[in-house]
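# Coordinates in review
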Amino acid sequence: MTPRPLDVHRVSLDSLRAMAAGDASETDLELLCSAQRSQLLLILRALLDRGDEGVRRTRHPGGIPSGRDAWRLLCVVEERAPEAVEAVLADPTVMAWALRLLRRLNGAVTGAPSTAPLWADLGQFHALAAAATLRAGVPCVLRVPAHRGLVWLPGAGMAGPVARRRWSEAEIRVDERGAVVQGEDGRITLERRLPDPAPGWRPLRTVRTVPGLTPGGKPGRRAAGPWLDTVSPYRDFTRYPRSPGRSGDRRLPEWEDRLAGAYALLERESPADAAALGALVRTLVPGSLRRAEGGMVASASSLDAFGAVMLSLPHDVTQTAAVLVHEARHQQLNALLSMVHLVRVPEDGTEGTAEERHYYAPWRSDPRPVKGLLHGVFAFAGVGRFWRTHRHHASGPEADRVDFEFAVLRDQLTEAVAALRSDDRLTEAGRLFADGIAAQVAGWQDDEVAAGPAALAGHYCALRRAVWRARHLEIPFAEAERLAKAWESGAAAPALPPSVLHARPGLIRPDTFGPLARIRLSAPADFADRREEADESGEPSPRAECAAVAGDTDLAARRYAEWTARDPEDVEAWIGAALAVPAESRGPGDALLLSRPEAVTTLHQALRTAGATPPAPADLAAWLAGAGERG
């Protein structure tokens, strides 16, 4: 190939502003993808430099072929059929394999270790060459690893089984007609135009998006969407290599219909989101094949696999669209952060230390560092904009659900973006980016939301905020002891000191209020069944939450009192009881339990430690509410 001078990927201020607003242009999106491709090539080159050393560190019968041989083959294919190489490198699991192997060779301890022998991880370089030569019809003979008898062809699928052992080696003979995969116990013949699922062949499935409008407003055509990957060995973000899924294939048509509907919805209603999704997300990896419960969907992106999203099956097309917008935002920000420092790196070059400032991210149960908060703010700003737009298209129970989702995110983002902008580790570019998101959220404040969903959203946001504070904040124990002595002496409460962070991941419990609220709004009959089940169970916590979600404040107050009587130490019951009081009737103690519950919990603990019997939480909160705040 003729050497060409290297260029540098640059992001202009105009592009940065457009990305912050969620309006990245086609050129902006191409820049992000190009930068990630360049990063992948650098990683592959680094593997070449370290690969021979890795070969010397491991033994395998017959030796291990050098990765440089595979690289030379890729260069031959690049000259004859560059699209074949691009199809292979476009598979996000190639980056996942390469990064993990490079860390392994460097001795870095990050994430779960590979369960593959080193020779097999190294040998996957030849799987890349095999996949490219097969597409291009370039004759060659290659030795490749086989995991449980299956051979990985990146960007295409898995061939086999051709062996029974956990790890073995197979031979691939490629000519202009196709390939023959030969293993210890079997032989598979593949045509050059790889077929749909067939004996011995499990392909990546392509989701066909439906006709719609392109971002430019021109009539669209039926186009190939992302791959639905249930087979690649490096598709899992935490466990690898992983065998192809053995169950759930019967559900794949449902996945395909759900995804096609979501892509079509975004093309109709949110063209900018559809364009970002189409450019940035190449692979969707089904997680749990069970339906989402109460609006809860597990989804994730990984720095190791640009273009790949793992998710559980959403319960409808609208929820699928929202999840895809969310994950496309993470992909976009991951790519942007590889080119632009939005957050200043500590002087020692390390991140994630205990000394780093952490924040309340309303959609998370754990404290988050500034970069994590930035990711959440940017991702949920996209989802908030999606719900805001979709409000104009929803009707019936769905309209109430959409109003609730929008109102929740508007409240949460208003708080989170203010915290983000307060962090002095934001660079100049990071501040500009955060300001762009803040301006967008500020434009939502006057939007009217139906009274019922708005009230439920306000209750939910206040509950999450207070529960998070009670779990992860405290007042210094010496100060709590001083408060305890004042209480026991009958004195007025001293001024409250500032709270400090003390993360307690062991106290985190699954959110149950949010799913119940979503079920009540989108499926009232299902909520009625849940409420009946809760009442029959006799358990005070679900009975209290069901009453609160239903808006039955009097019954909720009684249920929360029962919960507190059953478990006097459960702060969630205290907070729920304060929220059950109508806003116009809340006293100073209720307000303090919602704004600074950690003061009540720490004082409660100090009294117990001193051997005293703590009074009712409401009494402690009312006493503390008479104190001022210490500056």
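For the structure, check the block above.
Please read these numbers as outputs of a predicted model, since none were measured by experiment.

### Some remarks on the sheet that holds strand E6 (residues 187–191)
Read across the open sheet, the four strands follow the order E1-E4-E5-E6; overall the sheet is antiparallel. Across the chains shown, the open sheet's two edge strands, defined by having one partner strand only, are strand E1 (140–147) and E6. Direction aside, the axes of adjacent strands within the sheet are offset by 25° on average. Direction of pairing for strand E4 (residues 167–175) relative to strand E5 (residues 178–182): antiparallel, over a ladder of five bridges. Looking at the pairing, Ile 172 lines up with Val 181 of E5.

### Section: unusual backbone geometry
Note: most residues except glycine have negative phi, and most peptide bonds are trans. Across the junction of Gly 160 and Pro 161, the peptide omega takes the value 10°, indicating a cis bond. Here Pro 161 shows up in the loop between strand E3 (157–159) and E4. Residue Pro 241 is bonded to the preceding Tyr 240 through a cis peptide linkage, with omega at -10°. Tracing the sequence through the fold places Pro 241 in the loop between strand E9 (223–228) and helix H7 (252–269). With phi around 55°, Arg 148 is a residue other than glycine that occupies positive phi space. The residue Arg 148 is located in the loop between E1 and strand E2 (151–153) in this model.

### Some remarks on the side chain of Thr 320
Counting through the fold element by element, Thr 320 comes out in helix H9 (residues 317–337). With near-sequence residues (within four places) excluded, Thr 320 lies in contact with Arg 258, Leu 259, Ala 262 and Pro 314.

### What about the side chain of Gln 332?
Along the chain, Gln 332 falls in helix H9. Using a relative accessible area of 4% as the deciding quantity, one classes Gln 332 as buried. Filtering out sequence-adjacent residues up to four positions away, Gln 332 remains in contact with Met 19, Ala 24, Leu 32, Ala 276, Leu 280 and Phe 378.

### Side note on the nonpolar core
Counting 189 residues, the largest nonpolar core has Trp 97, Leu 342 and Phe 433 as its most contacted members. Broken down by element, this core gets its largest block of residues, 11 residues, from helix H6 (residues 118–136). In terms of nonpolar packing, the next biggest core, distinct from the first, is built from five residues, Ile 64, Ala 116, Ala 120 and Trp 167 among them.

### Description of the sheet that holds E3
Taken together, the three strands give an open sheet; going across it, the order is E2-E3-E7, and neighbouring strands pair in antiparallel fashion. Unpaired on one side and paired on the other, E2 and strand E7 (201–203) mark the two borders of the sheet. Along the sheet, successive strands turn relative to each other by an average axial angle of 20°, direction set aside. Both E3 and E7 contribute to a ladder of three bridges, which runs antiparallel. Along E7, the bridge assignment pairs Met 158 with Arg 202.

What counts as what
- Residues numbered from 1 in each chain as written.
- Predicted model: local features only at pLDDT ≥ 70, side-chain atom pairs only at ≥ 80, totals over all residues.
- Heavy atoms only, no water.
- Pairing = 2+ DSSP bridges.
- Helix = DSSP H or I, 4+ residues; strand = E, 2+ residues; numbered from the N terminus.
- Axes fitted to C-alpha atoms, helices over the stretch in contact; angles between N-to-C directions.
- Contact = heavy atoms within 4.5 Å.
- Buried < 20%, exposed > 50% of the residue type's maximum accessible area, 1.4 Å probe, protein only.
- Core = buried A, V, L, I, M, F, W, Y, C linked by side-chain atoms within 4.5 Å.

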